[in-house]
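# Descriptive structure summary
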Amino acid sequence: MLNALATYSNLVSRGISLPSSLCPFCNTEVEDLLHLFVKCKFVVPLWKNILSWWNSSDPIPVDLNNAFGSTCYQMGSSNACKAFYASRLILLWLVWKWRNKLVHSPSDKRQSILNEDVLVDLKILSFLWLKNRSKLVLGEFEDWRCNPLSIEKH
Ligand SMILES: [Zn+2]
């Protein structure tokens, strides 16, 4: 499924000619799935932040399997594990959305887009999705924002 995404390297492998296949965030490496979602220096801090938000001692992902695998190394509860997994998938979606915004905006907007705080969006969106689309019981947004493990109290 992920390989269907129109990353620059996927477009080139489909025979589409592009002016550049470099990552639109860093402009230094070819944009493939591994780079875009795991390795890019603009994305690594997001992984650090999501792990910190969840108070997880899981390692920062080094490949797509551990970025998006459903394993929770350090989480006992299955509800927390499910919510943590959902948060990571939402991060994937937000990185793709962020990347597309960067690619399709005028160059004078580049810096302000790069400065956007994706973690804030992640906290809001994951709360709304889990609250409205899952069977997990969440408390108030403020509890979730500060400590998603508060899901255990409900
Ligand atoms: Zn990059």
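Residues numbered from 1 in each chain as written. Predicted model: local features only at pLDDT ≥ 70, side-chain atom pairs only at ≥ 80, totals over all residues. Heavy atoms only, no water.

### What to know about helix H3 (residues 44-53)
One full turn of an α-helix is made of 3.6 residues, so residues set three or four places apart face in the same direction. Of all the positions in H3, only Leu46, Trp47, Ile50, Leu51 and Trp53 are classed as buried. Burial along H3 is one-sided: seen end-on, the buried residues are contained in an arc of 160°. Buried residues belonging to H3 abut helix H2 (33-39), helix H4 (64-68), helix H5 (78-103), helix H7 (118-133) and helix H8 (141-146). (Buried < 20%, exposed > 50% of the residue type's maximum accessible area, 1.4 Å probe, protein only. Helix = DSSP H or I, 4+ residues; strand = E, 2+ residues; numbered from the N terminus. Arc of directions from axis to C-beta. Contact = heavy atoms within 4.5 Å.)

### What about the nonpolar core?
Formed by 44 residues in total, the largest nonpolar core has its most connected members in Phe25, Phe37, Ile50, Trp54, Leu91, Leu122 and Trp144. Where this core is concerned, the elements lending two or more residues are H2, H3, H4, H5, helix H6 (110-114) and H7. Residue contributions to this core peak at 13 residues, all from H5. Aside from chain neighbours lying at most four places away, what touches Leu91 is Leu46, Trp47, Ile50, Val118 and Leu122. (Core = buried A, V, L, I, M, F, W, Y, C linked by side-chain atoms within 4.5 Å.)

### Here we look at H7
Over its 16 residues, H7 runs 21 Å from end to end, which matches the ideal 22 Å to within 8%, given 1.5 Å per residue. Taken together, the buried positions of H7 are occupied by Val118, Leu119, Leu122, Lys123, Leu125, Ser126, Phe127 and Leu130. Considering only its buried residues, H7 is in contact with H3, H5 and H8. The backbone nitrogen of Leu119 has a side-chain oxygen 3.1 Å away, supplied by the residue at the start of H7, namely Asp117. (Expected span 1.5 Å × (residues − 1). Polar contact = N/O pair within 3.5 Å; in protein donor to acceptor, adjacent residues only side chain to side chain.)

### Considering the coordination of the zinc ion
Surrounding the zinc ion are the protein donor atoms Cys23 (SG), Cys26 (SG), His35 (NE2) and Cys40 (SG), at 2.1 to 2.4 Å. Every donor counted, the four donor atoms about the zinc ion form angles of 102 to 122° at the centre, which fits tetrahedral coordination. Sequence spacing of the donors to the zinc ion: C-x2-C-x8-H-x4-C. Placement of Cys26 in the loop between helix H1 (8-13) and H2 and of Cys40 in the loop between H2 and H3 is noted, with a sequence separation of 14 residues between them. The same class applies to Cys26 as to Cys40, namely buried. (Donors = N, O, S within 2.8 Å, 3.2 Å for Na, K, Ca; no water. Tetrahedral: all angles 85-135°; square planar, octahedral: opposite > 155°, others 65-115°.)

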